[in-house]
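Spelled out from the first residue to the last, the chains are:
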Amino acid sequence: MKIILVGANGTIGQAITKSLSDLNAEIIAVGQNSGELQVNITSEESIKALFEKVGPFDGLISAAGSGYYGPLEKMSAGEAIKGLGNKLMGQVNLVLIGKDYINAGGFFTLTSGNLAEEGNVNSANLGMINGALNGFVVNAALEMPKNIRLNVVSPSVLTESVAKYGEPENRESIPGEEVAAAYKQTVTEKINGQVLKAYGKLKTV
């Protein structure tokens with residue numbers, strides 16, 4: 001099994017790599033500036049070039065993409081659109097372009113986040129992006145060709161990322177290995193069109 005892992009060097013990507021280590025799979029690590037191969041997910045040409053280099057593959061996991069994180073009053077239309085072009089359309093294009101290269105019966109797994117349905121300050125752009133990704137997956141999965149499966153993992157703040165994003169207000173952070181288990185589920189189980197929520201436990205008052 002040949003699996004492309006986009007964002008392999010990130011916090012989630014590293015946890016996914018470790019989680020999949022017991023499978024008989026060739027993991028092709030891809031990053032913007034690191035990994036075996038590089039891709040700029042904001043560029044359709046770069047995405048096409050990646051798939052041309054890899055050739056036929058069996059699955060793709062995307063743990064990549066960014067968006068504006070900061071106060072709403074400082075979020076310009078340009079900042080919002082930049083996030084849409086990166087985390088949203090970057091991952092959507094991995095699917096739209098990649099479906100012509102993936103083997104029949106393969107899978108795509110994308111990454112959204114709990115901000116799609118759980119509010120947090122400084123997160124309007126990320127919440128918008130995550131909600132759109134979830135909506136894309138549950139609908140596009142119904143039309144994927146060649147029995148290709150399409151799912152999305154929606155994590156809350158990882159324990160390893162608390163230093164960057166802060167401690168969640170209403171939930172405990174969740175260890176990366178627990179989040180990675182949700183991605184592994186999309187590899188080993190024949191699920192399709194699902195939003196897999198990898199959330200930390202709700203905090204008790």
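Model, not experiment: these values are computed from the prediction.

Chemist: Teacher, can you tell me more about the pattern of salt bridges here?
Modeler: Pairs can form between side chains of opposite charge once their charged atoms are near each other. The final tally for this structure, using the stated rule, is five salt bridges. Residues Arg 171 and Glu 118 are paired through a salt bridge, measuring 2.6 Å at the closest nitrogen-oxygen approach. Note that Arg 171 is positioned in the loop between helix H5 (162-165) and helix H6 (176-188) and Glu 118 in the loop between strand E5 (102-111) and helix H4 (124-140), a separation of 53 residues in sequence. When its relative accessible area of 13% is taken as the criterion, Arg 171 is described as buried. Given a relative accessible area of 22%, Glu 118 falls into the partly exposed group.

Chemist: Mind showing me how you'd approach the nonpolar core here?
Modeler: As a rule of thumb, nonpolar side chains are buried together in soluble globular proteins. Judged by nonpolar contacts, the single largest core of 31 residues is most densely connected at Val 6, Phe 108 and Leu 150. At the level of elements, strand E1 (2-6), strand E2 (26-31), helix H2 (44-54), strand E4 (57-62), helix H3 (77-98), E5, H4 and strand E6 (149-155) are the ones that each hand at least two residues to this core. If you look at the next biggest cluster of nonpolar residues, it comprises 21 residues, including Ile 16, Leu 20, Ile 174 and Leu 196.

Chemist: Could you clarify how one ought to interpret the packing of helix H1 (residues 11-19) against H6 in this entry?
Modeler: Taken N-terminus to C-terminus, the directions of H1 and H6 make an angle of 65°; their axes are 8 Å apart at the nearest point. Crossing hand, H1 versus H6: right-handed. Across the interface between the two elements, Ile 12, Ala 15, Ile 16 and Ser 19 from H1 touch Gly 176, Glu 177, Ala 180, Ala 181, Tyr 183 and Lys 184 from H6. In the contact of H1 with H6, the residues fall into six nonpolar, two polar and two charged.

Chemist: Got a minute to help me understand the environment of Asn 33 in this structure?
Modeler: As for its placement among the helices and strands, Asn 33 is situated in the loop between E2 and strand E3 (37-38). Spatially, the C-alpha atoms of Asn 33 and Leu 50 are 13 Å apart, while their sequence positions differ by 17 residues.

Calculation rules
- Residues numbered from 1 in each chain as written.
- Predicted model: local features only at pLDDT ≥ 70, side-chain atom pairs only at ≥ 80, totals over all residues.
- Heavy atoms only, no water.
- Salt bridge = Lys/Arg side-chain N within 4 Å of Asp/Glu carboxyl O.
- Helix = DSSP H or I, 4+ residues; strand = E, 2+ residues; numbered from the N terminus.
- Buried < 20%, exposed > 50% of the residue type's maximum accessible area, 1.4 Å probe, protein only.
- Core = buried A, V, L, I, M, F, W, Y, C linked by side-chain atoms within 4.5 Å.
- Axes fitted to C-alpha atoms, helices over the stretch in contact; angles between N-to-C directions.
- Left-handed = near helix turned anticlockwise from the far one by under 90°.
- Contact = heavy atoms within 4.5 Å.
- Nonpolar A, V, L, I, M, F, W, Y, C, P; charged D, E, K, R; others polar.

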